Structure formats: C-alpha cells, structure tokens
Amino acid sequence: MLTVQPPLLYFNQDGIPCSEQFNDPYFSLVDPLKESQHVFLDSTNIPQRWKNKHFTIAELGFGFGINFITTANKWTEQPLSKNHQLHYISIEKYPVQPTELTRCYQQLKILSPLTESLLQQYPLPVTGFHRIELDVYNITLTLIFGDAIDYLKQCEFEADAWYLDGFAPSKNKALWSSNIAKQINRLTKLDGTFSTYSAASNVRTSFSSSGFDISKKSGFGKKREMLVGILTKKQTVHKYALNHKPWLKNRITKSTSKHALVIGAGMTGTFVSSALAKRDWHVTLIDKNNSLASEGSGNANAILMPRLSVDHDTQSQLTLLGFLYSLRYFKTLQHFSDDFNWQQCGAIQIPRDDVQWKRMQLIVAQENIPESLLRPITQQQASKLANCVITSPGWHIPLAGWLTPSLLCSTLIKKHADYIDFIAKTEVYSIEREDSQWIAYDINEKEICHADTIVIANAHSANKFSQTHWCQLHPKRGQVSLIPKHTSNIQPNKIVCADAYITPSVNSHYLLGATFITADTSTELRQCEHEENLAKLKKMIPSYECRNLESLSGRAAIRAVSADRLPIVGPVADEYSFKTLYKEAAIGSTYKKYSAANYYDGLYIASGFGSRGLAWIPLCTESLACLINSEPNPLSKNLLEAIHPNRILMKNLVKCVQSAS
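Residues numbered from 1 in each chain as written. Predicted model: local features only at pLDDT ≥ 70, side-chain atom pairs only at ≥ 80, totals over all residues. Heavy atoms only, no water.

Draft legend 1. Layout of the overall build of the protein. Secondary structure summary: the protein contains 19 helices and 31 strands in total. Taken over the C-alpha trace, the protein has a radius of gyration of 26 Å; the compact-globule value for 661 residues is 26 Å, and the two agree within 12%. When its C-alpha atoms are laid out on the principal axes, the protein stretches across 85 × 60 × 55 Å. Relative to its full complement of 661 residues, the protein shows a buried share of 58%. Here the contacts in the protein between residues at least 6 apart in sequence split such that 73% fall between residues at least 24 apart. (Helix = DSSP H or I, 4+ residues; strand = E, 2+ residues; numbered from the N terminus. Rg over C-alpha atoms; globule rule 2.2 N^0.38 Å. Buried < 20%, exposed > 50% of the residue type's maximum accessible area, 1.4 Å probe, protein only. Contact = heavy atoms within 4.5 Å.)

Written out as structure tokens, the structure reads:
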C-alpha cells in the first residue's frame, strides 16, 4: 500500500491521548516527560554514553513523539560539533496526525522551536522511510511508517540503544514477539541496550533468548518494575544463501582523512559534495565545463513531482519518497539563501490516453491518498486551476513545483564553501588506486588530484572509466522549447503535464519539454523537436497557437539512463572478482553460500537519474553519503538493493553464463 492509516484515538478527561485499537493510553497519566526520562534515558545511562560521539537510538512506537522530544532536549544540553550527531529511528504503524500532535504539545506545554520544526517537517501518511533533518540540533530523525516486523527487516543499521515503547504486551502481542527480538538483535551493536516500561515475562523470554542480558529496575510512578537489557551475544552472518542476494550487500571503507573527490558538477555531483561537506568532509569537485550545472542540469528550470503506479512499484516508491524528501530539503534551503528560487506552484497531471486514465482512477480508488498530496479533478477544475483550457480530467498535485538547477547547485556550494573546492575546465580521463589513495589523471596522464574516496557522478560519462565501464548508462537526448511569454496566447500558472510538460513563466518564457531520444549525444537545437514538443502541448492545451515557430529558442542536453530506468548509486565492485565469486550464483546454484562482493576501497558511483533528477538525486545522494560515512540509511533495504550498482554486474554475468551454455 502507498499510504498508512492514522490511529483511532480519543483524549480522556485529563487530556491524555488513548488508543481505541489497543485500549491503552499513549503515555503516563502522571507525567509523561518524567516517565520518558526515567524509562528510556536514565535507565541505561544514555546521556553519559553519547558524549562526544555519534549515537543511534531506535524505537518501536513513535506515538506522539514524547520520547523523541525528551531525548532531543537532553541531547541539546551538551556542546555540539559536526562530529557529534544523534540518529533517532522510530517505526510507527499508525502515525498520529499533525493536528493531534499539536493539541498534545499544547496540553503538555512543550511547544518549542524543536517541536515546531518537527511539526513543519512531519511526513504525510505515506508508507516507508521519511528522513527529517534537524541540522541546528545535530539530530537526524528517520520516521518509518508501516508494520514493525515488516520494516525491521528493511532496516540496515546498528543501534546503540533501543526504546521499546509499544502498547502493553497484553494489548499488542505482535510487537513483543521473538521475531521482533531477533531483528532487534541484528540491528543492535554488541553491548548496545534496550529499555522498556514493561516487565512482562514474555518480554523477558523473547529478549533473553535473543542474546540480551536482562535485568529489572524500578519502574516509574506506580509501576513497580521495568526491564532493561544489554546485548551480549550478537548474531553474525559471514556467508549468505542465494536468496539473500549477497552481491547486493554493502561493504564500507572507513576514510581516515575524510577527503573526497567528486567527478561531475551537475546536480548529482553538487548534492554528493554538499551531503559529504555537511558531515565534515572536504570535497574536491571537478568538472570539464566552466561552471556548475552546465550539461544535463543546465535547463532554465526543472520540475519536481511524484510518479505513482497501481502496484506502487520500486520506481513509484523511490519517486514518492524522494519527492517528499526534496520538498523538506528545498524548504530548508530557502531559509539559507534568498537567491534560491523554489516555486511550489502545483501541477496538473492529465492522462496521455484512456489506458493511463483508468490506471490513475484505480490508484485513487484503492488508496487513501491525502488531498494535500493528490486529488482527482474534473476537466473544468483542471482548466480553472491551470488558467488555460485543459483537454481532460486528471490530478491536482498541489505540492509540486519547479526550480532553476544552476541556482540550486550554486546555493549548495555556497552553503558549504569552506568544505568544497570547485575545479572547473578540468576533465578526468582515468582514475587509479595507489598506496591507499585514488589519483585522478588528465588526458596526458598527469595527476590532477588525489583523495582516499572518489564518487563518480558525471552522468553517462561514468562508462569511460575502466572500473565502471560495465555500468551500461545510456545517453538520452532531451530538447526543451522556450516559448516567449509575450507571444503566447496561453498563460499557465501551474505545471501541466501528460506526454510533455509546460511550466509557468520563468525569465519571461514558458518552458516546454522534453524529447527523449536514445543514443543521440548531439546538443544542437532541432526544429523537428520543437515541432514534436508543440504537438504534445497542443494535445494537452488545444487552444495554444504557435505564432512564430522560427522564433522559438530552447536547449538540448543529455540525460543518463540505466537499462531498468532506476539510478545507479553505491559502492563499485571489482568486475573480475565479481565474475569469479558469483559464477555459480548466476546459474541459480543454491548448494553453496556466498560471501559479500569485493569492492574497490573508497570508490562509489551516483548516476542514471534520467529525467527524475529533482525527485531522486537529493534522497539518493543522502543515502550514498550515509553509506560512505557509516550512518543509518534513509532508504529501505529493498530500495538500496534496487539502485545498487552490482545489480547490473549480476545481470551481465547471467547473460554471459547463459550465452556460454
């Protein structure tokens, strides 16, 4: 499912929220803040353990966020630096709505800049991982909306501490099962802890049999006892069965110098650089062009909107979660710079044909999609919203918008100017690993620079390096047409899209695009592609009249697209070793276990974003920075595997084995 359901709740006579499903209050009837402090912070000495380090806390049951707020307030009492980060990960099956959160915070008198920031970024009720960055507090909150047993399997992190704060074991047995305890073992560091208000015998049994040393402590208020545990026996796996897809397991090389070289200064490269710089990395950003965002990221504007499918497939999941993450990211960036021009104008999506319209109707019928994300509209409503006559009914996506990629890139570099050095007019022709360092060479085999970590982010040109020649990135030419505002008989004030899209006016032009031509790397403007764009516009908005075709300007650029239309993001494996290690896996052999792939130390790739850059790049590059910096990831295991570079190596190997037989 695309969405999750809010809880059935009510507020009792004392103003305490209670769950109708589980017939249980969300927190203590006495003093919820003191209860949280006692049960989850003091019981395992967390404030003493997190001093001067990164610290990861995971939780079952976010509820009203009382534990998070209590923990965050305590965290901010200490001096903070860039090397001092709190990751807080919480799984919630029935997320409380923001209006109810606000009511609760008012009742408890805990409204503050922190809670206001939480409320402003609180996610829509969409299934999956939601990354919220509270940078001013050095706190990263990952809210996971969905069933705990399903989503624990989708997590890849090691927590220092767990808060087990679900409803009582007698009311919600599934959340305290041995299966849950086994997953918590997998996701906990050795000597990591858990704490819970519960002292139920089945909780003790589940967690003691899963490697935890259990002890009782005094409970809070009238509750006599509570449980804490420390992990003394870690379940470790060194080799994997075929169905575990060991070639998609990541291995991270820890950097000693925290210096990275990023090749390519389009949106991907600048987002990678910004994400690393935020983590106290020094980045050398190199591009063959004179300035940032000169090629595929160089259009006057780019649009941000989700893509949904009937079965909510991988592309749909990644695009929707990326869309929501980008919205939060761009709103935060607006506070940093007045030059950054995020325009949240909204979008009207209409179907390209009857088949797509039936799919659009089915998506709305089977999902409880909030109207703030998407609502179906009639042809008349679409025309009124867009300020021009639209041909059919469709969807209104109010949160969609556009921005200028070059301004986005320059804002990111400006924000981290002390950490990012940009080298223009310099093309990297080869990279080699020597003495624990990567060295980048120019066409004359002269060293350009060196670093212990390299990220290849130069679109389809990533194919040219010997380490990544196999990644099968295909160039796709796209031409946009710029319609002068003063010559246009239509004035759309929202993005309108079907086969093509048109944006509101920017710099006195409407941007219309874009063509999508395979294996064509020419960037010369073509009249026939202007005509193709205009024909698609006419189909969406029949009243449009082209008054002077010859006067149209535009721009052509090359996108990088993978064979399965998903990004390629992650560590780069040694191709020869990969073929040797997984030859039997390629024929489906289940009679042996396989180790994880052999990766080049400190080599990563981020490419293949095609025409979905604004929805995919911010979230995927944040994911990559988390991999590089050994942090909890904002993507689920399934999505990490879907964009992993090794999926392509395995596909190539399967083809090779099949052709040989």
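Text resumes after the structure shown.
Draft legend 2. View of the sheet that holds strand β3 (residues 24-25). Taken in spatial order, the three strands make up an open sheet running β1-β2-β3, and their pairing is antiparallel. A strand with exactly one partner marks an edge of an open sheet, and here the two such strands are β1 (9-11) and β3. Both strand β2 (residues 17-19) and β3 contribute to a ladder of two bridges, which runs antiparallel. Counted as the bridge partner of C18 is P25 from β3. (Pairing = 2+ DSSP bridges.)

Draft legend 3. Representation of the sheet that holds strand β31 (residues 599-607). Within the open sheet, the six strands sit side by side as β19-β13-β12-β23-β31-β30. Their pairing is mixed. The open sheet terminates on both sides in strands that have one partner only, identified here as β19 (420-423) and β30 (568-573). Going from strand to strand, the sheet's axes swing by 20 degrees on average, the running direction of each strand aside. Sheet topology places strand β23 (residues 453-456) next to β31; three bridges connect them, and they run parallel. Bridge pairing in β31 places I454 opposite L603. In the packing of helix α9 (residues 267-277) onto the sheet, contacts are made with β12 (259-263), β13 (282-286), β19, β23 and β31, and the angle to β13 comes to roughly 170 degrees. Sheet strands touched by helix α17 (residues 613-628): β23, β30 and β31. Its angle to β30, the strand with the most contacts, is close to 30 degrees. (Axes fitted to C-alpha atoms, helices over the stretch in contact; angles between N-to-C directions.)

Draft legend 4. Representation of the pairing of β23. Neither face of β23 is exposed, since T453 and V455 on one face and I454 and I456 on the opposite face are all buried. Pairing geometry for β12 and β23, over four bridges, is parallel. From the neighbouring strand, L261 faces β23, where its bridge partner is I454.

Draft legend 5. Spatial organisation of the packing of helix α10 (residues 314-336) against helix α13 (residues 405-415). Between α10 and α13, the shortest axis-to-axis distance is 11 Å and the interhelical angle comes to 65 degrees. Between α10 and α13 lies a crossing whose hand is left-handed. Together, Y329, F330, L333 and F336 of α10 and L408, T411, L412, K414 and K415 of α13 make up the contact between the two elements. Here the residues of the contact of α10 with α13 sort into six nonpolar, one polar and two charged. (Left-handed = near helix turned anticlockwise from the far one by under 90°. Nonpolar A, V, L, I, M, F, W, Y, C, P; charged D, E, K, R; others polar.)

Draft legend 6. Spatial organisation of the nonpolar core. Ranked by size, the top nonpolar core spans 82 residues in total, and within it F330, L408 and L624 carry the most contacts. Apart from the residues within four sequence positions on either side, F330 is in contact with F271, L304, F340, W342, L403, L408, L614 and P618. In terms of nonpolar packing, the next biggest core, distinct from the first, is built from 74 residues, F40, L114, Y122 and I132 among them. (Core = buried A, V, L, I, M, F, W, Y, C linked by side-chain atoms within 4.5 Å.)

Draft legend 7. Structural detail: the packing of aromatic side chains. In the structure shown here, the tally under the stated rule is 26 aromatic pairs. Aromatic side chains F129 and Y151 sit 6.2 Å apart centroid to centroid with 55 degrees between the ring planes, which places their arrangement in the tilted category. Highlighted residues: F129 in strand β6 (residues 128-134) and Y151 in helix α6 (residues 148-152), separated in sequence by 22 residues. Seen in terms of ring centroids, F207 and F212 are 5.7 Å apart; in terms of plane orientation they differ by 70 degrees. Their pairing is edge-to-face. The same class applies to F207 and to F212, which are both buried. Through a chain of ring-to-ring contacts, three or more aromatic side chains come together here, namely F271, Y325, Y329, F330, F340 and W342. (Phe/Tyr/Trp six-rings, centres within 6.5 Å; stacked < 30°, edge-to-face > 60°.)

Draft legend 8. The arrangement of the pattern of salt bridges in detail. If you walk through the whole model with that rule in mind, you get 23 salt bridges. Residue R279 is joined to E622 by a salt bridge in which the shortest nitrogen-to-oxygen separation is 2.6 Å. Of the two residues, R279 is situated in the loop between α9 and β13 and E622 in helix α17; the sequence distance between them amounts to 343 residues. Among the ionic pairs, R307 bridges to D313, the shortest N-O distance being 3.2 Å. Note on R307: relative accessible area 23%, which makes it partly exposed. (Salt bridge = Lys/Arg side-chain N within 4 Å of Asp/Glu carboxyl O.)

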